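Letter by letter, the chains look like this.
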Amino acid sequence: MPPDERTLENLLFNLLKSGALNLDEGTKAVLRAPCGVVSDRGLPDGMEPHEPNCRHFDPASPEYGDDEFIITQLPPATAAEASTVCMVSGRMARIIVNTPDIGTAVPRPTPSTYCIKEAPGKGLGMYATRDIRAGELIVAERPLLIVPVSMYARRPYPSTVTKEQGLQVMMADTEREYEVMLEKMAPANRAAYMALANSHRFDGSGPILGVIRTNGFGDECMVDSGLGLSNETGGFSIICNDMSRMNHDCAHNTTRYFDMPSFSMQARAIRDIKIGDEITTNYCHTLEPFATRHEILARYDVKCTCALCTNPSESDPLLAQCDIVHGRAPPNFEKRNRAWFTDFSVPNSTDVKPLLSDLVAHIKTGQEASGGYAFTLFELMKTYAARGDIKNTRAYARKYAVWQLATNGKVITDQQIESAFGMTAVAEVVLRLRGKTKAKMANRTVKASK
Ligand SMILES: [Zn+2]
């Protein structure tokens, strides 16, 4: 057994003992494959099938406990939209039910933006049926299913059960609970669910679990931190229909987030998309170098052939540059920043080149969704303000507003953009001071020449 697998096995055994198995391995991007290959699906000899013990509740019921996992339909049903069949902690259910305006209609772009069709070499894919502007909503969808990211033991195991068998039992029991959940779905939703891709057919996952592990999205607002676990392990996996058809691209052209009031997973364009373009998302963190991305993507049966993966010797250094921006400010950043704001007499000390270079690195590699890109836009806005350049200050405020809209649906008002979040006032002060300094210097020149 290779050392990696042995470590994995120990880890699994400890997790089994603690009753929780993290499927996520620390990413918010997508639910990751947990645990290598389990040789045989089903139960070891002598163990009876598990009788599902997760109770079904009306979400408004006061009966369930905070730490109890319940099966329920959320948000409370309305005539217009089907609810999502969920397995959530009682605490998470209450967070959802008590969200202001919960159950608002799911927004639908008009005219519609996409179709699902054959994607060469990738099965199905999502394609733009019209030009889509950066920031525009492309799709909003009530999920088919929401389940915990962590699997947990649903009954005590006899001491004779090996680690491998224990995992087998956990997977089989989980599958049985999910069967009960799928019975609660509308027939059309159930059929749609079972037609989704499954890249976990031969690793011990049942058919329902396999679809979850292939298609589940995580989102930071679907996390129950009260479970006493980290954000990742306290999280939930969200399985959608159309959005599951979005293929991965390391230079993906959309962002996605969960909108709690409409209880919908949404995707927006992070840059302009042309009619006929494939609409893509990310299955891994795309600032990682090529080798890391490929290792993660292999778990989804994805062999990415995007522009970055085709030429890693060129793309990896650019991604590393973007990653530095994302992780920390560039060298001497604060010092330079202070200089820009205090040394008004020398407005040209404001050097935009490093920031523009970071911006180009993001655009060249299609990383406009990253926080580093937003950081760079915001710093450019401040920098141009410090130079007294109102036109560029506003231009970057506008780009930053589009990023906010695209990444979380947050609308920045025209007034905020016009004032560049208060930065045009800074620019005006700089211009005034510069005018005074120039006048003083002119005065001195006149005196000296007398
Ligand atoms: Zn790629």
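Look a little higher up for the structure.
Owing to the predicted nature of the structure, the values given are computational and were not obtained by experimental measurement. (Residues numbered from 1 in each chain as written. Predicted model: local features only at pLDDT ≥ 70, side-chain atom pairs only at ≥ 80, totals over all residues.)

A.B. asks: Could you clarify how one ought to interpret unusual backbone geometry in this entry?
C.D. replies: A negative phi angle characterises most non-glycine residues, just as the trans form characterises most peptide bonds. Cis geometry marks the peptide bond from leucine 74 to proline 75, where omega comes out at -10°. By secondary structure assignment, the location of proline 75 is in the loop between β3 (69–74) and β4 (84–89). Going from threonine 110 to proline 111, the amide bond is cis rather than trans, its omega being -10°. One can find proline 111 in the loop between α2 (90–97) and β5 (114–119). Here aspartate 101, not a glycine, exhibits a phi torsion of approximately 65°, which is positive. Among the structural elements, aspartate 101 can be located in the loop between α2 and β5. Of note in the backbone geometry, aspartate 301 takes a positive phi value of approximately 60° without being a glycine. (Helix = DSSP H or I, 4+ residues; strand = E, 2+ residues; numbered from the N terminus.)

A.B. asks: In this structure, what is going on with the sheet that holds strand β6 (residues 123–128)? I would like to understand it.
C.D. replies: Spatially, β5-β6-β14-β11 is the arrangement adopted by the four strands of the open sheet, whose pairing is mixed. Here the strands that pair on one side only, and so sit at the sheet edges, are β5 and β11 (247–248). Note that β5 and β6 share six bridges and pair antiparallel. Considered in β6, the bridge of tyrosine 114 is made with alanine 128. (Pairing = 2+ DSSP bridges.)

A.B. asks: Sorry, what's going on with helix α11 (residues 371–386) here?
C.D. replies: Every α-helical turn comprises 3.6 residues, leaving residues that sit three or four positions apart pointing alike. For α11, spanning 16 residues, the distance from its first C-alpha to its last is 23 Å, which sits close to the expected 22 Å at 1.5 Å a residue. Most of α11 is tucked away, with 13 of its 16 residues classed as buried. (Expected span 1.5 Å × (residues − 1). Buried ≥ 20, exposed ≤ 12 C-beta atoms within 10 Å, placed from the backbone.)

A.B. asks: It is not clear to me how the sheet that holds strand β7 (residues 137–141) should be interpreted in this structure. Could you clarify?
C.D. replies: The strands making up a sheet are joined through hydrogen bonds of the backbone, oriented either antiparallel or parallel. Pairing is antiparallel across the open sheet formed by three strands, whose spatial order is β7-β13-β12. Each of the sheet's edge strands pairs with one partner strand only, and the pair in question is β7 and β12 (254–259). Across the sheet, the mean angle from the axis of one strand to that of its neighbour is 20°, orientation sign disregarded. The sheet strands contacting helix α12 (residues 390–408) are β12 and β13 (264–269), and the helix crosses β12 at an angle near 55°. (Axes fitted to C-alpha atoms, helices over the stretch in contact; angles between N-to-C directions. Contact = placed C-beta atoms within 7 Å.)

By themselves these figures say nothing about function.
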